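# Summary of structural features
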Amino acid sequence: MGRRGHKKQKAFRRATVDAIRKARLEKQQANNGQPTTNEDQTTPNDRPRVNKYEDIVKENALFEKYYKAMNLVPDDEWDAFLSALKEPLPVTFRVAGFRTHAFAVMHQIREQYFQPLESSTTIDKPKELVWYPGSLAWQLNLSRSKLRSSPELQKLKEFLYEQTEHGNISRQEAVSMIPPLVLDIQPHHKILDMCAAPGSKTAQIIECLHRDESNPIPSGFVIANDVDNKRCYTLVHQVKRLESPCFAIINHDASNLPNLKFRDGNISFDRILCDVPCSGDGTLRKNPDLWKKWNPGHAFSLQSIQLRIATRGIQLLAPGGLMVYSTCSMNPIENEAVVSQLLQTFQGQISLVNISDKLPGLRTIPGLKSWCVIGKNQDIYNSFEEVPKNMQSLARPNMFAPSNDILEQLHLERCIRVLPHHQDTGAFFVALFRKIDKTLDSSLSTQEETSQKRPAEENVFNEDGANFKRARYHRENPFIFFEEKDIKGFWQEISEFFGVDPSFPADQLMTRIASDSGRNIYFVSDSLKEIVTLNQDRIKFINMGVRLLVRTDLRNDKDKRSLRLSQEGIAIINKYFSKRRIQLEQQDLLILLSHAHTQFANLSQSVQNQIQNISNDLGSVICLFNIKQHDLDIPIIFVSWRGRSSFRPFVSHSSRKFYLSLCNIDQMTINDIINKLTIEEKTNNKKTDDS
C-alpha cells in the first residue's frame, strides 16, 4: 500500500474514534438528564445551507465589453440577456422516446406529479419544451429551498431519479437535445459521435436508432468516441441503460481518428455529431465560476483543435451525409469562424443546411456575419490587419470574418444560436453541414468541378502520417467472438435449453476472455462484429453491445444451468428465446415484484401449470405480462431464476417501482413494498453468508 493509502486509513480511523467518543458523550449526558447539545448553539444540521455559488460575483467587465461590441443581442435585449445568465438553470428532462413505456411514463408524470402542482401559487408550473417531438421533454424550476418546502416537488424529484436509473428518463440540458434532433437519424444510419462523453447526446442518438421497437437489432450503428479514457467509462454507464447491441465506444483523439475498415473499404458515416470541446461560456448559468475565469484566451487556444476535429469529421462523412457542429460557447471564434474556415477549405464539397425551421417552437437567431476579436490587452480588433504583431500568434487570420464577397457565398445565417433569455435555457450554437453527393447533384458545372479538384485532393486524410495518441491506461481485454466449434458445441446445449430460434445469429455472440469460460456473454449487431474483427488491432475499443448471458457458477462452466439470462438483453431474448416462458396474471406480477423469493404455491394456478410444463432443470425463465393503459399495450418482461420451489426475479428496485406504478399501486404502498423487500434481501444475504 502506498503513502496515500496509509493516509486514508489513518484518517478513517481518526474519524471512527471521534464518532465513537461523541456517541459515548451524548449517551452519558442523556443518562445524566443533560441536553446533548447547547440550546443556544446551533448544530451543523440546524445551520442554513450555504450554496458555494452564492458568493460568486457574477460580473466580468471584459466579457460584457466583448459581446456588447459585436452586437450579439440587440441593445433593448441586453439587460434581459445579462440578467438571464446570472440566474440558475432550470432542471430539464426528456422521456426516452423509443419505447412504448415512454408514453405511459409521460402520462404517469402528468397525472401523478404535474397535476398536484397546478393548484400551487408558489411553485412555477412545469413547462413543456414545445419544440421537442412527442411532448416528451419538460422544464422545471426546482431550487433547493422549494424542494425542501414542497412534498410534491420532492416526490417528483425522487421519481425522476428512479426513472433515470431505469432508463425511462434522461436528465439533460434543453439546448443539448438540439443536435441529435436536427440530424434526422434513421435506423439504418451509420453514425459517429466524435466527442461523446459524458453521453447524453449519444444516448439520444441511440434512442433515435431504435425508433422501431419491433426490431431490437437495427441495421445501423453508433460509434461513440472520446479522447479521455476515464470519461469513456462514464459514457459506458450512460448508454448501457438503453440496452442496445448497436453501439461501440472507442478511445481516440478525434482530430486524428483512424479510418475504420469495413467490408470493401473504409467506413463513411451517414451522420456525424461533432460537439467539440469549447470555452463553455454558454453554460454560465450552471457553471457560475466561469464568471471570474472567463477571458478571450480560452477561445484562442481551443479554435485550432475544434477546427481539426471538425475537419476530420467532414473527411469521414459519406456523400449526402449530415454532420452537425455544435458548441456551448457564444464566442464566434469557436463558432462562425470555424464554420467559415470549413466551408472555404472544403469548397464545393459541403454546404450549410438551413435549420431555423427544423424545430418549430424553438426560438433562435441566425449565425453572425460579422464579429470582432478581443485581445488580452482588452483592445477590440475588427480585422487581422488591426492586430499588433506581438498578438498575431494568438489572434490568427482565420478567427476573423472573411471578406464580404466570400461571406455572401457561405450563408452563415443558416447556422442557429440559442440565447438564454429567449426560452430560459443555456446558450448554444449549431451548424448543420451536408456533404454534396456529386453523383446526384448535377448543378455543378464542369468548370466548377475542375476548380474544386485541388482542394479535394489536399484534404484527403493521410493516415500514415497521423499522430495517433495511445491512452496510458490498462489494456482492454480483447473481444472474442464465437467460432464454429463454440456454436456447434458449447452454444448448442444452451440453444436447446432456451429454445433459441435457428435464425438467431450466434456468431455475433462474444466474450472478453474465452467463449467457454467467460463470465459474461455479449451480443452485437453484424456490422459491429465486422468492424471489431477488422479493426481491433488498430482501434482501442472500450465497450460495445448488450449483455445476454451471465455465468453464475464458474466451477461448472460446461453446464447449461450455470448461465442465467441477463435483464440487459431482454429485448433480444424475448424475440429469439421461445422456451422457459411464463405468462403471468396481474396478481402473480404483484407478488413477484413484492418479494425477493416467491414460492410456487403462492402463485396462480395458471402459473403453476406452466411451471409443470417446463423441465425440472433449475435456471432462468422469462416472465411476461401485458398492461393495457390509455390505448397502449405496455409489455412488462423480466428475467427470473427458477429454483427448486421458488422464483427469484432479477429486477432492480427502480424497475419494480415503475412496474408497480403501472399497475395503479399508490406511491405510499410502493414505498412500503420496497422497504420490506430491502429487509428481506438483507436477511437472505445474511443467511447465505452465515451458511
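What counts, and where the lines are drawn
The written sequence of each chain sets the order in which its residues are numbered from 1. Given that the model is predicted, a residue must reach a pLDDT of at least 70 before its local features are reported, and side-chain atom pairs must reach 80 or more before they are shown or counted; all residues, however, enter totals for whole chains, interfaces and linings. In computing side-chain properties, one takes all heavy atoms of the structure into account and sets aside hydrogens as well as water. The classification of residues rests on relative accessible area computed with a 1.4 Å probe and restricted to protein chains. Under 20% of the type maximum is buried, over 50% is exposed, and intermediate values are partly exposed. Secondary structure elements are taken from DSSP: a helix is a run of H or I of four residues or more, a strand is a run of E of two residues or more, and numbering for both begins at the N terminus. Confidence scores labelled pLDDT are given residue by residue by the predictor and lie between 0 and 100. What makes two residues a contact is simply this: any of their non-hydrogen atoms within 4.5 Å. Salt bridges, as used here, are contacts in which a Lys or Arg side-chain nitrogen is within 4 Å of a carboxyl oxygen on Asp or Glu. UniProt positions are given in the numbering used here, feature names are shortened, and annotations may be inferred rather than shown by experiment. Distance and chemistry together define a polar contact, namely a pair of N or O atoms within 3.5 Å, with one atom able to donate a hydrogen and the other to accept it when in protein, and with adjacent residues in sequence counting only for side-chain atoms on both sides.

## What about helix H8 (residues 200-209)?
When you tally the buried positions in H8, you get ten out of ten residues, the bulk of the element. Residues of H8 that are buried: Ser200, Lys201, Thr202, Ala203, Gln204, Ile205, Ile206, Glu207, Cys208 and Leu209.

## Remarks on the confidence of the model for the protein
Looking at the protein, pLDDT values average 85 and 83% of them are 70 or higher. Within the model, pLDDT remains below 50 along residues 442-458, and this stretch shows eleven contacts once partners closer than five positions in the same chain are excluded.

## Observations concerning the pattern of salt bridges
This structure, assessed with the given rule, holds 18 salt bridges. Close ionic contact of glutamate 207 with arginine 94 constitutes a salt bridge, the shortest N to O distance being 2.7 Å. Here arginine 94 lies in strand E1 (residues 91-95) and glutamate 207 lies in helix H8, a separation of 113 residues in the sequence. Side by side, glutamate 207 and arginine 94 carry an identical accessibility label, which is buried. In this structure, lysine 657 and glutamate 162 form a salt bridge, with 2.6 Å as the shortest nitrogen-oxygen distance. Linking lysine 657 in helix H23 (residues 653-662) with glutamate 162 in helix H6 (residues 151-166), this pair joins segments that are 495 residues apart in sequence. Exposure remark for lysine 657: the relative accessible area of 17% places this residue in the buried category. Under the relative-accessibility criterion, glutamate 162 is labelled buried at 13%.

## Considerations on the UniProt feature "binding site: S-adenosyl-L-methionine" (unreviewed entry) in the protein
Following the UniProt record, the feature "binding site: S-adenosyl-L-methionine" (unreviewed entry) maps to Cys195, Ala196, Ala197, Pro198, Gly199, Ser200, Lys201, Asp226, Asp253 and Asp275 here. Relative to the helices and strands, alanine 196 resides in the loop between strand E5 (190-193) and H8. A relative accessible area of 6% means that alanine 196 is categorised as buried. Setting aside residues up to four positions removed in sequence, alanine 196 forms contacts with Thr202, Ala224, Asn225, Asp226 and Leu235. Summarising the element assignment, lysine 201 is placed in helix H8. Those residues in contact with lysine 201 that lie beyond four places of it in its chain are Gln172, Ser176, Pro179, Pro180, Leu273, Asp275 and Phe428. At 3.3 Å, the side chain of lysine 201 and the side chain of serine 176 are in polar contact.

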